[in-house]
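Now for the letters of each chain:
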Amino acid sequence: MAVDRAAIDAGAARLPGKARSIAVLCLCAVATLSLWFSTTAVIPALVRAYGPSPGVLSMLTGAVQAGFVVGCLVSAALALADRLDPRRFFAGAALVGAAANLAVLFLVPSWGVVIALRFATGLCMAGVYPVGMKLAASWARGDRGLLVGLLVGAVTVGSALPHLINALGGLDWRITLAVGSALAAGAAAAIGLVRIGPGYGRSAAIRPVALAAAWRNVPLRLANLGYLGHMWELYAMWAWIGAFLYASFSRTLGPEIAPGAAALTAFAVIASGGVGCLAAGLAADRWGRTAVTIAAMTVSGACALGIGFLFGGAAWAIVLVALVWGVSVVADSAQFSAAVSELSDPDYVGTMLTLQTAMGFTLTLVTIHLVPVWVEAVGWTYALAPLAAGPLVGVWAMARLRARPEAARLAGGRR
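On a predicted model such as this, the values are computed, not experimentally measured, just so you know.

A. Structural context of the pattern of salt bridges. According to the stated counting rule, one finds one salt bridge in the structure shown. When the shortest N-O distance is used, the salt bridge between aspartate 85 and arginine 87 registers 2.8 Å. Under the relative-accessibility criterion, arginine 87 is labelled buried at 19%.

Here you go:
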């Protein structure tokens, strides 16, 4: 079904529906994005039950990232969010993703098939995450940073949810996958309650001839470098923080307490990023995008460098640093997309955002696969420290962007 422009125009006269639509949209994002890390959250249980190799474990998460990249490119090339009602697109993607996730229950330990199912789940997330951000932005009235930050915060909480389900479900990995699929199916039904805001418009088509502008245009290049630095760290941290906590707690709390403590802490750490997204969205609209991204990456990079030295030590200290890392590592995420949309030629915004997403999530494949290699080579004490290289590059790039006159186009003149 094509987007109903008459319904959108009618929605413009009923702006009180904004709060309800954003609230329902965020709940749907939380529920559906639980599929993203559903297998990552149960890695300790899978290791105990089946003993998959480190390469298989990294591919279980990496396949979702790869599927998401491919899905975003296909969706953008075919303009699916423009040709279909975005709510129906979201619902269909959530249902197929739920089915693919549920199928894992019956196919473990056929790892090749399971990895293919995780790739399919990533494909479906391309119909959820970007579409959700576009629906949220359609209601923006000088609060784009806040609204997109709310949606990214919901995505963050959804990504953390499998760790909570894993703990509350008695650490049976089957419960985690089943509940995640049920939540996504519920979101597919609820998304129809979301209204499309009056600012919803067609996405610019991908224009290959314009891709070079992402490098030739210096402000765009710096914004993209900042985003790549952020992505170098983010998903690797999300993917492996649970395993890090489990390994550390096993030494200090014992093998009986460690699984539950690690699952609950990993949920709190990742979900705390939702608070960071909300705070950063408010701050960016008020004080500027480069200021927020520089501050967030400075804190998250310091956590990446330091947390390994607490490995095997006092649990309270690890939990404290991990929570600070969880808040800061994703706080700036939405602001990079907002910056690229503000710095791009209006005719090429769609191309630039698609390219940014594709580059960033492709890069996550590298660090997700490298962390277990580093663990094997140098142990958990030093394995997470290389993730700080991303924020270091990101801070440099955003500081350079802040000093340029083009930065006045960010957040209404607030750099």
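Alright, that's what it looks like, and here's the rest.
B. Representation of the confidence of the model for the protein. When pLDDT is averaged along the protein, the result is 84, and 89% of the positions lie at 70 or above. Of all helices and strands in the protein, the one with the weakest mean pLDDT is helix α1 (residues 5-12) (44), whereas helix α18 (residues 380-383) scores best (96). The low-confidence segment residues 5-15 (pLDDT under 50) makes 13 contacts with residues lying over four places distant or belonging to another chain.

C. A nonpolar patch on the surface, seen in detail. Nonpolar side chains collect at one region of the surface, where Val70, Val74, Leu78 and Leu123 lie side by side and expose about 290 Å² of accessible area between them. For leucine 123, the position within the fold is in helix α7 (residues 111-125).

D. Spatial organisation of the packing of aromatic side chains. Per the counting criterion, the structure on display carries 15 aromatic pairs. Aromatic side chains tyrosine 235 and tryptophan 238 sit 5.1 Å apart centroid to centroid with 70° between the ring planes, which places their arrangement in the edge-to-face category. Of this pair, tyrosine 235 and tryptophan 238 both sit in helix α12 (residues 218-252), separated by three residues, roughly a single helical turn. Judged by its relative accessible area of 2%, tryptophan 238 is buried. Cluster of aromatic residues (ring-pair linked, three or more members): Trp36, Phe37, Phe68, Tyr129, Tyr235, Trp238 and Phe361.

E. Highlighting the environment of leucine 363. Within the element layout of this structure, leucine 363 appears in helix α17 (residues 349-378). Here the alpha-carbon distance between leucine 363 and tyrosine 235, two residues 128 residues apart in the chain, equals 9.6 Å. Setting aside residues up to four positions removed in sequence, leucine 363 forms contacts with Leu228 and Trp232.

F. Molecular detail of the side chain of threonine 156. Within the secondary structure layout, threonine 156 lies in helix α9 (residues 144-168). The class of threonine 156 is buried, set by a relative accessible area of 0%. Here valine 152 takes part through its backbone oxygen, which lies 2.8 Å from a polar atom of the side chain of threonine 156. Beyond its immediate chain neighbours, meaning those up to four positions away, threonine 156 contacts Trp238, Ile270, Gly273, Gly274, Cys277 and Val330.

Thresholds applied
- Residues numbered from 1 in each chain as written.
- Predicted model: local features only at pLDDT ≥ 70, side-chain atom pairs only at ≥ 80, totals over all residues.
- Heavy atoms only, no water.
- Salt bridge = Lys/Arg side-chain N within 4 Å of Asp/Glu carboxyl O.
- Buried < 20%, exposed > 50% of the residue type's maximum accessible area, 1.4 Å probe, protein only.
- pLDDT = per-residue confidence, 0-100.
- Helix = DSSP H or I, 4+ residues; strand = E, 2+ residues; numbered from the N terminus.
- Contact = heavy atoms within 4.5 Å.
- Patch = residues over 30% accessible without salt bridge, like charges linked within 9 Å, V, L, I, M, F, W, Y side chains within 5 Å.
- Areas by Shrake-Rupley, 256 points an atom, 1.4 Å probe, with all protein chains shown as cover.
- Phe/Tyr/Trp six-rings, centres within 6.5 Å; stacked < 30°, edge-to-face > 60°.
- Polar contact = N/O pair within 3.5 Å; in protein donor to acceptor, adjacent residues only side chain to side chain.

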